[in-house]
Amino acid sequence: MNRDERVVRSYSAVLLTLGAAAIHFAAASEHFSEYLPYGIFFVLLGFAQVGLAIALVLVPSRRLFGAALVGTLAVIGIWLMSRTTGMPIAPVPWRPEEIAFPDFAATLLEAISCLVFIRRLRHLNARRAGRVRLALVTAPAFLLSPLMAFGGVGGALSPMPAAYDTAPFVAGQTSTSMVDLVAPDGAQPLKEFTLTAALTAVGGQTAWAYNGTVPGPELRVRQGDRVNVTLINHLPVATSIHWHGINVPNAMDGVAGITQDAVAPGGRFVYEFIANEPGTYWYHSHQDTMNQIPRGLFGSLVVEPNASAPTVRDYTLMIHGLPNSDAVAVNGSASLHLDANPGDTVRLRLIDAVSAMDFGPTGTVQMPVLMGAPYTVAALDGHDLNQPQPLGPERIPLGMGQRADLVFTMPSAGAVRLVGIRGIAPFPWSRPTTASVTIGTGPVPAVNFSSLPTFDLTRYGVPAPDPVLDATRFDVTRQIVLSGGVPMFRNGTFDVADTFNGQASPFIQPINVRLGDLVRLHIVNRSRTTHPIHIHGHIFSVLAKNGRPISGSPVHLDAILVGPGDNWDVGFVADNPGIWMLHCHVLIHAAGGMSMTINYHGIYTPFTMGTASGNIPE
Ligand SMILES: [Cu+2]
C-alpha cells in the first residue's frame, strides 16, 4: 500500500468517525433532558470519536487501528444491546429502546469504519492498489459519511417533542382549563353505553375493535338525549374516542394530548354530552389515529330528530376498510343486502371511514353511486339541506370522515343498488377491491359508469337565510395553504411532510379566536391530492368555491373536501370554547403534518403530546 492510498483510507475512516461523533453530539441534548447518564455518555463518546479521528491522521499505526476496531465494535455492541435486551443502566432498566434514524445512521457509519479498520490491519504491508480501484473502494465512505451525518444530525436536532402543549397556561392571560368545559347538569333522558376496546378476531385477522365488532356498535339516540359512554381499554396500548361531527364540550372531544390523556391499558374514561343536533355522525380513536382507525376502532353515531316521525327504513352504511387489509366493506360486508318493500321511504346514512392512501388526485375520495330510483341528498355531514331536488345516478364525492344521507322511495319493482365503493389501491398501478349494497329484491337497471356526473354541493337545493353565509364582515380571517411532499427534519428523521402554510404539526401557528367571533377560512390546495379538512367542535358554512359563492342550499359541514388546485372559503361561529383540532382527515396526511388547533382566548390545556405523556393525537 503506498502513502497516497494510506492517506485516502485514513481519511475515509476519519470522515466516518467524525460523522458518527457529530450525530452523538447532536443527540446529546435530548439525552440530557431524558436521562443524565445517557447525556454524559453521548458527549464522552463524541469526544472519544473526535480524538480517534485526530489520531488516525497524526499517528496511524497497526495498534491504533486495532484499538479503533475494538472500541467501535464495543459501541456498536452497546447499541445492539440497548435496542434488543435493553440496558441495566437506563431510565427503565432492561427495556429495549426503539430504533430512530439518527442512531441507525451513526451505527451504519461506525460499522463501515470497522470495515476500513479491518482493511488497514490486513493491508498495512500489502500490495499496491490501482487508483481506480482505490477510488471505487473508498467512494462509498466519502459519499455516505456526509450524507448520513447530515441526516443523523438533522434528525437528532429535531426529535419528537417530549411534551408539547398546544395552549399552555399563561399567567394573566389564560384562566380556564379546558378540563372544566363539560356538559351542564340537566334532566335530559340518559342514554348509557359501554364501549370496550380490545383485540378481536375479524375475518381471520386480529382487529382492534369496540365490543368485538368492526365497525363498532351503532349508537342511536334521540335529539336532546344526554349521551353517556364509558370507554374501557383492554388494548395493549393507550387509546381515546373522538365524537366526529357532533358538537360536544371540549373536555369530551377525545383528542389525546389536547383534551385528555390517552386512556392507558386497563383504564377507562367516561364521555358525556347532550345530542342537541340530529344527524349522522361517527366515533373513532384519536390516539395514534393513523394506526388505530385502520385496525378497527370506529363506529357510527346517529341522532334521530325529535320533531319528525322516523323514516320507514333508516339504514346507516359505514364504508370502511377491513382490518389489516386493503379490502373495502360496508358494515363489514363486501355485498350487503338490506330489506325494503315497494313504496317504502328509505334513508341511507353513508359514512366514509376508509383510511385511504393518497395516490392520484381522487385517491382519497369515495364516489358512491345510487342506482334504481331517483333520490335526494337530504343531508351532508349530518346537516339537512334546504329543499333538495331529486337526482338520477351521480357520483357523490365523500372524503374520509364525511357523510351523506340519501333518501328515496322504493320503486314498485326491482332493487336499488349502491355501487362505486372502492378499497385502497396499495400501489398506484393496482386495482382496488369494491363493495356494493343492494336494497330490496329484483333486477337493477344498468348504468354507464363512465358518463355519470359528479354531485356539486355548491349549486344544489334552494337558498335560505344563514347567519354565516349572510355575514358581511368576519372578526378573524385566515388563509390555509395545503402542500404535500415538503422536505423537512421532523420527529427525529428526515420527512416529506404535508403542511399547512409550510409548517407541520405540532408547530403550526394556532388560529386564535374569542367567544362569539365570526371566523373565515380561505383554504388553498397547492398539492396534487384531495384533502378533507376537518374541524372539531364547530360546523363550517360553505361560502364559496374558487371564488364563486355557492348558489343553492346553505351547506353545513365538519369537513370540506379540497381538490388539487381548488380553493374554498368557509366560515364558522366560534361558539364552543376550548382547544379544537383542525386537520386533514386523510390519516397519513394528518400524521404527516396537516394538523393544527383553534385556540380560544383565556383557555388552556394541561395536557401535552409527545414522548413524555405518550399522547400522539394523529
Ligand atoms: Cu390530506
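Residues numbered from 1 in each chain as written. Predicted model: local features only at pLDDT ≥ 70, side-chain atom pairs only at ≥ 80, totals over all residues.

### Comments concerning the overall build of the protein chain
Thought 1: Regarding its fold elements, the protein chain presents seven helices and 34 strands.
Thought 2: Along the longest, intermediate and shortest principal axes, the C-alpha atoms of the protein chain span 95 × 60 × 50 Å.
Thought 3: Of all 618 residues assigned to the protein chain, the portion counted as buried reaches 47%.
Thought 4: Long-range contacts, defined as pairs at least 24 residues apart, comprise 79% of the intrachain contacts of the protein chain with a sequence gap of at least 6. (Helix = DSSP H or I, 4+ residues; strand = E, 2+ residues; numbered from the N terminus. Buried ≥ 20, exposed ≤ 12 C-beta atoms within 10 Å, placed from the backbone. Contact = placed C-beta atoms within 7 Å.)

### Quick look at the sheet that holds strand S9 (residues 298–304)
Thought 1: Strands sit in the order S4-S9-S8-S6 across an open sheet of four strands; the sheet is mixed. In this open sheet, the two strands that pair with only one neighbour each are strand S4 (219–222) and strand S6 (242–244). For this sheet, the mean angle separating the axes of adjacent strands, direction not counted, is 25°.
Thought 2: By the bridge criterion, three bridges tie S6 to strand S8 (residues 279–284) in an arrangement that is antiparallel. Bridging from a neighbouring strand, histidine 244 pairs with tryptophan 282 of S8. (Pairing = 2+ DSSP bridges. Axes fitted to C-alpha atoms, helices over the stretch in contact; angles between N-to-C directions.)

### Remarks on the environment of proline 102
Thought 1: Here proline 102 lies in helix H4 (residues 101–123).
Thought 2: Residue proline 102 is classed as buried on the basis of its C-beta count, with 26 C-beta atoms lying within 10 Å.
Thought 3: A C-alpha to C-alpha distance of 43 Å links proline 102 and valine 330, two positions 228 residues apart in sequence.

### Section: the domain arrangement of the protein chain
Thought 1: Examined at the domain level, the protein chain breaks down into domain 1 (3–157), domain 2 (186–309), domain 3 (311–455) and domain 4 (466–604).
Thought 2: The interface of domain 2 with domain 4 comprises ten residues on the first partner and 15 residues on the second.
Thought 3: In the side of domain 2 that touches domain 4, the residues fall into four nonpolar, five polar and one charged. (Domains from an automatic or database assignment. Nonpolar A, V, L, I, M, F, W, Y, C, P; charged D, E, K, R; others polar.)

### Quick word on the pairing of strand S26 (residues 531–535)
Thought 1: The buried fraction of S26 amounts to five of the five residues, a majority that puts the element mostly inside the structure.
Thought 2: Side chains His531, Ile533 and Ile535 of S26 all project onto a buried face; the interleaved residues Pro532 and His534 project onto the opposite face, where all are buried too.
Thought 3: As judged from the four bridges shared by S26 and strand S30 (residues 559–562), these two strands associate in the antiparallel manner. Residue pairing for S30: histidine 534 is matched across the bridge by alanine 559.
Thought 4: As defined by bridge partners, S26 adjoins strand S32 (residues 579–584) across three bridges and the pair is classed as antiparallel. In the sheet register, isoleucine 535 faces S32, and the bridge partner there is leucine 582.

### Looking at the sheet that holds strand S11 (residues 328–330)
Thought 1: Pairing is mixed in the open sheet, where six strands are placed in the order S11-S10-S13-S19-S16-S17. Two strands bound the open sheet, and with one partner strand each, they are S11 and strand S17 (383–384).
Thought 2: In this sheet, strand S19 (residues 403–409) lies alongside strand S16 (residues 375–380) in antiparallel orientation, the contact comprising five bridges. When the bridges of S19 are listed, alanine 379 appears paired with aspartate 405.

### Let's talk about the pairing of S8
Thought 1: With six of six residues buried, S8 is to be regarded as a mostly interior element.
Thought 2: The alternating pattern of S8 places Gly279, Tyr281 and Tyr283 and Thr280, Trp282 and His284 on opposite faces, both of which are buried.

### Quick look at the environment of leucine 195
Thought 1: With respect to the element layout, leucine 195 can be found in strand S2 (residues 190–202).
Thought 2: Residue leucine 195 is classed as buried on the basis of its 20 C-beta neighbours within 10 Å.
Thought 3: Along the chain, leucine 195 and asparagine 233 lie 38 residues apart, while their C-alpha atoms are 8.6 Å from each other.
Thought 4: The contacts of leucine 195, once residues within four sequence positions are left out, are Tyr210, Asn211, Gly216, Val229, Leu231 and Ile241.

### Remarks on unusual backbone geometry
Thought 1: In this structure, proline 215 follows valine 214 across a cis peptide bond, with omega equal to -5°.
Thought 2: Relative to the helices and strands, proline 215 is located in the loop between strand S3 (205–210) and S4.
Thought 3: One non-glycine residue, asparagine 211, lies in positive phi territory at about 55°.
Thought 4: The topology assignment puts asparagine 211 in the loop between S3 and S4.
Thought 5: By C-beta crowding, asparagine 211 is classed as partly exposed, having 15 other C-beta atoms within 10 Å.

### Remarks on the nonpolar core
Thought 1: In this structure, Ile319, Leu406, Ile523, Ile560 and Val570 are the most contacted members of the largest nonpolar core, which totals 128 residues.
Thought 2: Non-local contacts of isoleucine 319, meaning those with residues more than four positions away in its chain, are made with Val328, Val330, Leu350, Ile351, Asp352, Ala353, Val354, Gln366 and Ile421.
Thought 3: Ranked by size, the runner-up nonpolar core spans 32 residues in total, among them Ala68, Val116, Phe117 and Met148. (Core = buried A, V, L, I, M, F, W, Y, C linked by C-beta atoms within 7 Å.)

### Observations regarding the environment of glycine 216
Thought 1: If you trace the backbone, glycine 216 turns up in the loop between S3 and S4.
Thought 2: A tally of 24 C-beta atoms within 10 Å means that glycine 216 is categorised as buried.
Thought 3: For glycine 216 and leucine 301, which are 85 residues apart along the polypeptide, the C-alpha to C-alpha distance reads 10 Å.
Thought 4: Here glycine 216 is in contact with Leu195, Ala209, Tyr210, Asn211, Phe298 and Gly299, once residues within four sequence places are set aside.

### Some points on helix H3 (residues 62–84)
Thought 1: Spanning 23 residues, H3 covers 33 Å between terminal C-alpha atoms, matching the ideal 33 Å at 1.5 Å per step.
Thought 2: Along H3, the residues classified as buried are Phe65, Ala68 and Thr72.
Thought 3: Glycine 86 sits one or two positions beyond H3 and adopts a positive phi of about 90°. (Expected span 1.5 Å × (residues − 1).)

### Some points on helix H5 (residues 131–157)
Thought 1: Look at H5: 38 Å from first C-alpha to last across 27 residues, which is about the 39 Å you get at 1.5 Å a residue.
Thought 2: The axis of H5 is deflected most strongly, by about 40°, at threonine 138, and proline proline 140 appears within four residues downstream.
Thought 3: Within H5, the full set of buried residues consists of Thr138, Ala141, Ser145, Met148, Ala149, Gly152, Val153, Gly154, Gly155 and Ala156. (Bend = angle between axes of the 7 residues up to and from the residue.)

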